[in-house]
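Working through the structure, step by step
The primary structure of each chain is shown beneath.
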Amino acid sequence: MAKKVLITETILRDAHQSQAATRMRLDEMLPMLERLDDIGYYSLEGWGGATFDSCLRFLNEDPWERLRTLKKHIKKTPIQMLLRGQNLLGYKHYADDVVEKFVEASIRNGIGVIRVFDALNDERNLECAMKAINKYKGDYGAVCEATICYTTSPVHTNKYFVEKAKVLEQMGADNICLKDMANILLPYTAYELIKDMKKVLKPTTKIHLHTHNTTGTGDMVYLKAIEAGCDIVDCALSSMGNGTSQPATEPFIATLKGTEYDTGIDIEKLLPINEHFKKVAERLEKDGILNPKVRQIDVNTLIYQVPGGMLSNLMSQLKQAGKLDKLTDCLAEVPNVRKDAGYPPLVTPSSQIVGTQAVLNILQNERYKMVTKEFKALMKGEYGQLIGEPDVEILKKIGCEDRVTCRPADLIEPEYEKFKEEMKEYYTQEEDVLSYALFNQVAINFFKYRLAKDKKVDADLAKTQIYPV
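Below you will find a few notes about this structure. This structure is a prediction, so every number in the text was calculated from the model and none was measured.

Moving on, we get to empty space enclosed by the protein. Under the criterion given, the structure shown has two cavities of 30 Å³ or more. Reported here for the largest cavity is a volume of approximately 90 Å³. Lining the largest cavity, in full, are R84, N87, H93, F117, D118, A119, L120, P349, S350, I353, L378 and Y383. Class assignment for the residues of the lining of the largest cavity results in seven nonpolar, three polar and two charged. By volume, the second largest cavity amounts to about 40 Å³. Around the second largest cavity sit D118, N121, L126, T147, I148, K164 and L168, which together line it. For the lining of the second largest cavity, the elements supplying multiple residues, two or more each, are β5 (143-149) and α8 (158-170). A breakdown of the residues in the lining of the second largest cavity according to their chemical character gives three nonpolar, two polar and two charged.

Quick look at unusual backbone geometry now. A cis amide bond links T348 with the next residue in sequence, P349, at an omega value of 5°. Position of P349 relative to the elements: it lies in the loop between α15 (327-340) and α16 (350-363). Not every positive phi belongs to a glycine, and N365 is a case in point at roughly 60°. Relative to the assigned elements, N365 resides in the loop between α16 and α17 (373-380).

Taking 1.5 Å per residue, 14 residues should reach 20 Å; helix α9 (residues 187-200) reaches 21 Å between its end C-alpha atoms and fits that length. Those residues of α9 not exposed but buried are P187, A190, L193, I194 and M197. Along the axis of α9, the buried residues cluster in a sector spanning 125°; they form a single face. Relative to its buried face, α9 has exposed residues pointing more than 90 degrees away, namely Y188 and K199.

A few words now on the pattern of salt bridges. By the definition in use, this model includes 39 salt bridges. Put simply, D234 and R115 hold a salt bridge, and the shortest N to O gap is 2.8 Å. You can see D234 sitting in strand β8 (residues 232-235) and its partner R115 sitting in strand β4 (residues 111-116), a full 119 residues away along the chain. The buried category is assigned to D234, whose relative accessible area is 0%. For E422, the salt bridge goes to K418, with nearest N and O atoms at 3.7 Å. Taken as a pair, E422 and K418 lie in helix α19 (residues 416-422) at a separation of four residues, close to a single helical turn. Residues joined in a network through salt bridges with shared partners are E65, R68, K101, E104, R108, E430 and E431.

Rules used in this analysis
- Residues numbered from 1 in each chain as written.
- Predicted model: local features only at pLDDT ≥ 70, side-chain atom pairs only at ≥ 80, totals over all residues.
- Heavy atoms only, no water.
- 1 Å grid on protein atoms, 1.4 Å probe; cavity = no way out; pocket = protein on both sides within 12 Å on 5 of 7 lines; lining within 4 Å.
- Points joined across faces, edges and corners; volume = space filled by probe spheres on them.
- Nonpolar A, V, L, I, M, F, W, Y, C, P; charged D, E, K, R; others polar.
- Helix = DSSP H or I, 4+ residues; strand = E, 2+ residues; numbered from the N terminus.
- Expected span 1.5 Å × (residues − 1).
- Buried < 20%, exposed > 50% of the residue type's maximum accessible area, 1.4 Å probe, protein only.
- Arc of directions from axis to C-beta.
- Salt bridge = Lys/Arg side-chain N within 4 Å of Asp/Glu carboxyl O.

Any link to function would need more than the numbers given here.
What follows is the structure, given as structure tokens:
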């Protein structure tokens, strides 16, 4: 029996987040939105992740207005977003009332698929977001796609991932996404893992696989996963595909054409769309935002499990310290720090926390002589439950013997009304409160710019796009 494989296109979000620091502008997307909508994708990923931060901080865009604009032009294909569970799109846990309001506003403004994950795979950090998705999805036909972050360690077995998938399904997931953020899932492992997941999940529960092509194995991973029964895969148009982005869309469609997995997508319809995004990629490269090196294969990821973004961050920290010659030592220290911390998957924010601590350990010539507050919080359980047990001696050394055992968000009082009061002079819509809740001063700076532009309070300010402090 033929089984059509579905594709999620990432050109509007993860492709440029992975290759160009999420700097594609809305005006660069607009000319191709209707064409993308006509292709026949399962979904178009266009929001969430770092797009929210980037819109406010760098692009002078209201992320909510971007979403509403996308929805005006994309009418047939669901718009997909990436949500970091209790972290939403920020870098810390938020109170349940903020999480629920954010989810409701996202669906109401046009999101059709919410891929929700937790960096530590602690399902307690997904409870509130998943309940909210399921509470509001019916009015708009949205999909709850609960996610498992893939990693390898002595405690991350196939059995662990399969059991997590079943738990998330029982919590109300429509789809289960296996998120291989570092491209370390290997083809034959993918085959066995997807096959085992299919055995325990309901026939109606779709499996959605996400990987990158950092290590050059992405296409092979997808092929083996599809043979095992994977329903949906993430791809990026070739203008911004491969390397640290997803496997390229067009060659993957061509590979499956005429087989039992044929996507049904007409590759010729993609050609003019890809030509447009080639010009966008050229602009990003010319502006120094897209480094051609991100399109190359990087085997360091296979050896050290360091995702592309994390590697860039390590290099930046070492360059600022004038110690770029210590990169190899720092890369070798990352797995050691990860082991000490109980093997957290390396994805935002745990990747930044572990990477920064590895750099400090090397530059201080003594392990854990200096410790960041974020690393202490990770070790104490403030981000969630670690699957492995942190090193007891390290816990003593850094003063983290008293640990959090409850769901971290249970310790946070409701805060939506507090945020609303703090930013009331800039309030124009409920969504402004949510922007402020996540990015505080960055959002205030944007609100000041918006006021200058829209209300002509300061025409020069609007023209120069300089933020007042």
